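Tertiary structure, described
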Amino acid sequence: TAILFRRCLSACVRPVACYNKRITAAVLKVVINNISSPVLLASVYMPVNDATEFSDSEFEDVCGSLNAIITDCNVSAFILCGDFNYKFDSLRQKTIDLYMNEFSGISADKHYLDADSFTYVSDSHDTVSWIDHVIVNKAILSRLTNFSILYDIIVSDHRPFSFALEAIASVVDEATNDDVIIL
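An account of the accompanying structure is given in this report. Every chain is numbered on its own, with residues counted from 1 as its sequence reads. Residues qualify for local features only when their pLDDT is at least 70, as the model is predicted, and side-chain atom pairs are given and counted only at 80 or more; totals for whole chains, interfaces and linings, by contrast, use all residues. Side-chain numbers come from the whole structure's heavy atoms, not from hydrogens or water.

A word on helix H1 (residues 53–73). An ideal rise of 1.5 Å per residue puts 30 Å on 21 residues; H1 measures up with 30 Å between its terminal C-alpha atoms. Looking only at H1, the buried set comprises Ser-55, Glu-58, Phe-59, Val-62, Cys-63, Ser-65, Leu-66, Asn-67, Ile-69, Ile-70 and Cys-73. Contact definition: two residues touch when any of their heavy atoms are within 4.5 Å. By the criteria applied, helices consist of DSSP H or I runs no shorter than four residues and strands consist of E runs no shorter than two, each listed in order from the N terminus. Buried residues along H1 sit in contact with strand E1 (13–16), strand E2 (23–32), strand E3 (35–45), strand E4 (77–83) and helix H2 (91–101). Count one or two residues on from H1 and you reach Asn-74, which has phi positive near 50°. By definition here, a helix of n residues has an expected span of 1.5 Å times n minus one. Buried residues are those whose accessible area, probed at 1.4 Å on protein chains only, stays under 20% of the maximum for their type, while exposed residues exceed 50% and partly exposed ones sit between those limits.

Put into structure tokens, the structure is as follows:
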């Protein structure tokens, strides 16, 4: 997993030590509604759902790691994106919901997209499914705009999400201790 950002924003991005190879995370220092609001951004790759005890155990381990990262970062908002390898109304969704309930987590993709959306295409089976997700806390849900799936971008069997976060990147000028806004 990876998080890419423009070099000019590097002062607003703090990488987070995750200790789990399936998660890459960073805290973004942004201003939302004129309030400095650190936002955790995490890229997640959950294990394939092959119905084995190992994959279920590893899934729960990643859920626990996400829970710990959110807690340890002490952020006001979070955005967890990636290949979660679960379909809506599955046991895996119920598992992640249990872990995210403490933080008022909600599926932004389900909130913003049509029910017939899909993120995964199996050319060999000629099927599609929705296994990639964007999970956020309710505090930031309304700040996401232009939410879509980029169906015409084909770089793998997964289709990427696209959305914007209505926020302003912010850093503190260490000499004056004043906020400096980066646009």
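Leu-40, Met-46, Leu-66, Leu-80, Phe-84 and Ile-96 are the most contacted members of the largest nonpolar core, which has 25 residues in total. Taken together, the elements giving at least two residues each to this core come down to E2, E3, H1, E4 and H2. Of the residues forming this core, the biggest block, seven residues, is contributed by H1. Contact partners of Met-46, with chain neighbours within four places excluded, come to Arg-22, Phe-59, Val-62, Cys-63, Leu-66, Asp-83, Phe-84, Asn-85 and Ile-96. Throughout this description, the term nonpolar core refers to a set of buried Ala, Val, Leu, Ile, Met, Phe, Trp, Tyr and Cys residues connected via side-chain atoms within 4.5 Å. Grouped together as the second largest cluster of nonpolar side chains are 23 residues, Cys-81, Val-136, Phe-147 and Phe-161 included.

Right, let's get into empty space enclosed by the protein. A pocket here means an open set of points on a 1 Å grid, computed over the protein atoms alone, that has protein on both sides within 12 Å along at least five of seven lines. A cavity is instead a set of points where a 1.4 Å probe fits but cannot get out; residues with an atom within 4 Å of a point line either one. Grid points are joined across faces, edges and corners, and a volume is the space filled by probe spheres set on the points. Summed over the entire model, instances satisfying the criterion amount to one cavity of 30 Å³ or more. Quantified by volume, the largest cavity comes out at close to 40 Å³. Among the elements of the structure, H2 and strand E5 (105–107) are those that each provide at least two residues to the lining of the largest cavity. Ranked by residue count, the leading element in the lining of the largest cavity is H2, at three residues. Looking at side-chain class alone, the lining of the largest cavity contains five nonpolar, one polar and one charged residues. Note on residue categories: nonpolar means Ala, Val, Leu, Ile, Met, Phe, Trp, Tyr, Cys or Pro, charged means Asp, Glu, Lys or Arg, and polar means any other residue, Gly included.

Another aspect to go through is the layout of surface pockets. In this structure, the largest pocket spans a volume of roughly 1200 Å³. Forming the boundary of the largest pocket are 38 residues, of which Ile-3, Leu-4, Leu-41, Cys-81 and Phe-163 lie nearest the centre. Taken together, the elements giving at least two residues each to the lining of the largest pocket come down to E2, E3, E4, strand E8 (132–137), strand E10 (161–165) and strand E11 (168–173).

Geometry of a packed helix pair, given as the angle between the helix axes and the separation of the axes. Axis angles are defined between N-to-C directions and span 0 to 180 degrees, where every axis is a line fitted to C-alpha atoms and, for a helix, only to the segment in contact. In contact at an axis separation of 9 Å, H1 and H2 are set at 25° when each is read in the N-to-C sense. Classed by the angle they form, the pair H1 and H2 counts as roughly parallel. Judged by the twist between their axes, the crossing of H1 over H2 is right-handed. Residues Ser-55, Asp-56, Phe-59, Glu-60, Cys-63, Gly-64, Leu-66, Asn-67 and Ile-70 of H1 form the contact with H2, whose own contacting residues are Arg-92, Thr-95, Ile-96, Tyr-99 and Met-100. Grouping the constituent residues of the contact of H1 with H2 by class yields seven nonpolar, four polar and three charged. For classification, angles of less than 35 degrees are called roughly parallel, those exceeding 145 degrees roughly antiparallel, those between 65 and 115 degrees roughly perpendicular, and all remaining angles oblique. By convention the crossing between two helices is left-handed if the near helix lies anticlockwise of the far one by an angle smaller than a right angle, and right-handed if it lies clockwise.

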